[in-house]
Amino acid sequence: MKKILLILLFTFIIKTQAQEIKSYTWDAVPAFQAIPEEYKKQPAVILFDKRWIHTRINTNLYGFAKFKMEHFAVKINESSEISKYNKVTADDNTTIRDTKDFHARVIKPNGDIRVLSESQIVNSDLKNVKSIVFEGVEKGDILEYYFIVKENPTSNGIEIYQKDAPVLHAEFTLTESGSAMSRVYTSADFHYNKVKGKTFFTADNIEPLVIEKSSKKFRNLVKILYLIAGSPAEMESKKWETYFKGFLRNKPYTFSNGDVKKLLQKLDLKDKTDNEKITILDEYIKTHFENYEEGETINVKINITEGNSKLARRDFILLYKYAFDILKIPYEIIAVEDRFIGELDEDIMTFHEFTDINFYLRDLYKFISPSVGYLPYGKAGYEYQGTRAKGYNVQKKEESYVYPLVAPSDFTKITTESVVTLNPDLTKVSIDKKFSSTGYIGQMLRYSYNDLSKNEEKKDLTDFVKEVSIDEVDTKLLEHNVENLEFKNNYTNTPFVINSKLESVESFTEKAGNLLLINLGKVIGKQSNLYQENTRKTDIDLKYTKEYHHSIVFNIPKGYQVDHYNDLVIDREMKYDEDKNCWFKSTVKVEGNQVIITIDEKYKAITYPKDIYQEYRKVYNASADFSKASIVLKPIKKK
């Protein structure tokens, strides 16, 4: 009897907690927070954005479900904003089981309230998903709605609160019942609250979203992330050591340990050092296997010793693992997270969508990214430089930390050598160009060229070569060839080289009286700039340190001499830290009938504080300034 009563009581608690969110409603007469003076001129102001998620998981007693409530109100200050907010769909994802409730109303500036009728709330294109359209909305109106949906539970979720408009008040509540367990991760803007035993998170006066170049966009967003586990045991299994052990117990889809032994015999690794063994293995895997695209059916009937097939992401990892075990090479399996997205939790594996599994060879201080096709064994992926990775030492059976260092700027270099000759009409130019790239850029371009060269559509490859050689300048590619195309060149950081002959379609010259202006700056291609970004809200975060070295030789046409070239001479350096500085320096000299230009541009760090943004901006804009600069020729006076 006591057991039955406990079960009934437990069931009642679960139903009560689930019912609480389903009975949510709004105030009959809304009261909104006063809009601060600094936001009154904004085109729209979000008065509040409240979200509540409740998950129940108890298959034995009351099934499983996730209930989600969203309550939103926005004041429209400019008519241009109406179309952004007058169409609402109740969370149109693929997990909806039912829309439990949906209400919407318009509050006029004079306080009149117009509630949308049920007939105006219709089914969307997705089953069980409702949507509404606010009609007759005018400048000054407030649009308010809330809906409650029932979904299938998900293992985690993201709620982004930052939008184009300021948000006066944001609120997030996460509750669970039954065996469900949860964790919440918030950006720094949110504060923890506990009132009458209920916990929730709030943030006030969230500034409008500003997209800035070279910034950790997702990481900087004002957002909430949450993790749901079906039971205490499931949450416990996410702890790093348990997670790694479980991951290593996975079995491959397409091969066995015996198949890997045959592969290693084929690769003939006898009398090789561990470094040589891994290099040979890595080259074979990266040149013989590709990733499956999302949704593709996995083929389990392949022979890994023949290669030229596709592997599932998990199989890439396990292929290396089996090989290391057979070769008795000590390794650590590590979890890494893109620094532009976030950082790993100290205790548990949280969001598998953001986490990548790599290998670390501590004795060699080298990394392997198993399923990243362009990245060779050696340095960690650029996304993980300067981060802290969580590891597990398989031989010692203990957790570890790994800190991938930032690669120096001379690892990733772009070098160009261009010879420019004016065509007989003195308007267009012919360019012989050698483009050379190493490091992360070289690896990605080498991979892309190999991939495009397999396409039947040769235009894709032509467009790629033109874009790499002289980006966004209208040219005709007459011919090209490449050097060091093989993947093995990645291990020695041998440059990937494109030699091209180009002819401009657009004009490179302009006449001013008897003077001839040649836009030689175009030869480096169109350059991105920060002309419009006068202020900076976030630190500057670059993908990798890098260097650019350009050489331009211009053949002076017969009958002309150089009048001046001052606009092509630029010297800018950011005075910050000798080990992290960046600079742009171009020099010009005239030798005989040639103008010789050299450019050196360098970024020695991947992060610069926003406090020195103006200095950084001057350096960054220098290449864009150069690309617009011209040399001036004048006719040689006849004696």
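Residues numbered from 1 in each chain as written. Predicted model: local features only at pLDDT ≥ 70, side-chain atom pairs only at ≥ 80, totals over all residues. Heavy atoms only, no water.

Engineer: Lay out the overall build of the protein chain with the relevant residues and their values.
Structural biologist: Of regular secondary structure, the protein chain possesses 11 helices and 35 strands. Viewed in the frame of its principal axes, the protein chain has a C-alpha envelope of about 115 × 75 × 50 Å. Burial status across the protein chain gives 49% buried among its 639 residues. Here the contacts in the protein chain between residues at least 6 apart in sequence split such that 74% fall between residues at least 24 apart. Entry remark: accessible area of the protein chain is about 31900 Å², with carbon and sulfur atoms responsible for 49%. Distance between charge centroids for the protein chain: 2 Å, based on 94 positive and 94 negative side chains. (Helix = DSSP H or I, 4+ residues; strand = E, 2+ residues; numbered from the N terminus. Buried < 20%, exposed > 50% of the residue type's maximum accessible area, 1.4 Å probe, protein only. Contact = heavy atoms within 4.5 Å. Areas by Shrake-Rupley, 256 points an atom, 1.4 Å probe, with all protein chains shown as cover. Lys, Arg positive; Asp, Glu negative; His and termini not counted. Charge placed at Lys NZ, Arg CZ, Asp CG, Glu CD.)

Engineer: Could you give an account of the pairing of strand β26 (residues 509-512), with specific residues and numbers?
Structural biologist: As paired elements, β26 and strand β27 (residues 515-518) share four bridges and run antiparallel to each other. When the bridges of β27 are listed, T509 appears paired with I518. Counting the residues in the hairpin turn of β26 and β27 gives two residues, including G513, whose phi is positive at 65 degrees. (Pairing = 2+ DSSP bridges.)

Engineer: Which residues make up unusual backbone geometry, and what values go with them?
Structural biologist: In this structure, K328 is a non-glycine residue whose phi angle is positive, near 60 degrees. Within the fold, K328 resides in the loop between α8 (313-327) and β17 (332-337). You will see that E472, though not glycine, has its phi angle at about 60 degrees, which is positive. Secondary-structure assignment places E472 in the loop between α10 (458-469) and β24 (475-483).

Engineer: Describe helix α11 (residues 613-627), with residues and values.
Structural biologist: For α11, with 15 residues, the first-to-last C-alpha span of 22 Å sits near the 21 Å given by 1.5 Å per residue. At N621, α11 is bent by approximately 30 degrees, the largest bend along its length. Within α11, 11 of the 15 residues are buried, which leaves the element mostly enclosed by the surrounding structure. Regarding α11, the residues found buried are Y613, Y616, R617, V619, Y620, N621, A622, S623, A624, F626 and S627. (Expected span 1.5 Å × (residues − 1). Bend = angle between axes of the 7 residues up to and from the residue.)

Engineer: Got a sec to walk through the side chain of K546? Specific residues and values, please.
Structural biologist: Following the sequence through the fold, K546 ends up in strand β29 (residues 546-555). Here K546 sits buried without a salt bridge, and the closest side chain of opposite charge, E601, lies 7.5 Å off (N-O distance). Beyond its immediate chain neighbours, meaning those up to four positions away, K546 contacts S409, T412, E601, K602 and Y603. (Salt bridge = Lys/Arg side-chain N within 4 Å of Asp/Glu carboxyl O.)

Engineer: Tell me about the confidence of the model for the protein chain, residues and numbers included.
Structural biologist: A residue-level look at the protein chain finds 96% of positions with pLDDT of 70 or above and a mean pLDDT of 92. Below pLDDT 50 for its whole length, residues 1-15 participates in 11 contacts with residues either more than four positions away or in separate chains. (pLDDT = per-residue confidence, 0-100.)

Engineer: Summarise a nonpolar patch on the surface; cite the residues concerned and give the values.
Structural biologist: On the surface, Y253, I298 and V300 cluster together to form a nonpolar patch covering roughly 250 Å² of accessible area. On the secondary structure map, Y253 appears in the loop between α5 (240-248) and α6 (257-267). Taking the relative accessible area as the measure of exposure, Y253 reaches 41% and is therefore partly exposed. (Patch = residues over 30% accessible without salt bridge, like charges linked within 9 Å, V, L, I, M, F, W, Y side chains within 5 Å.)

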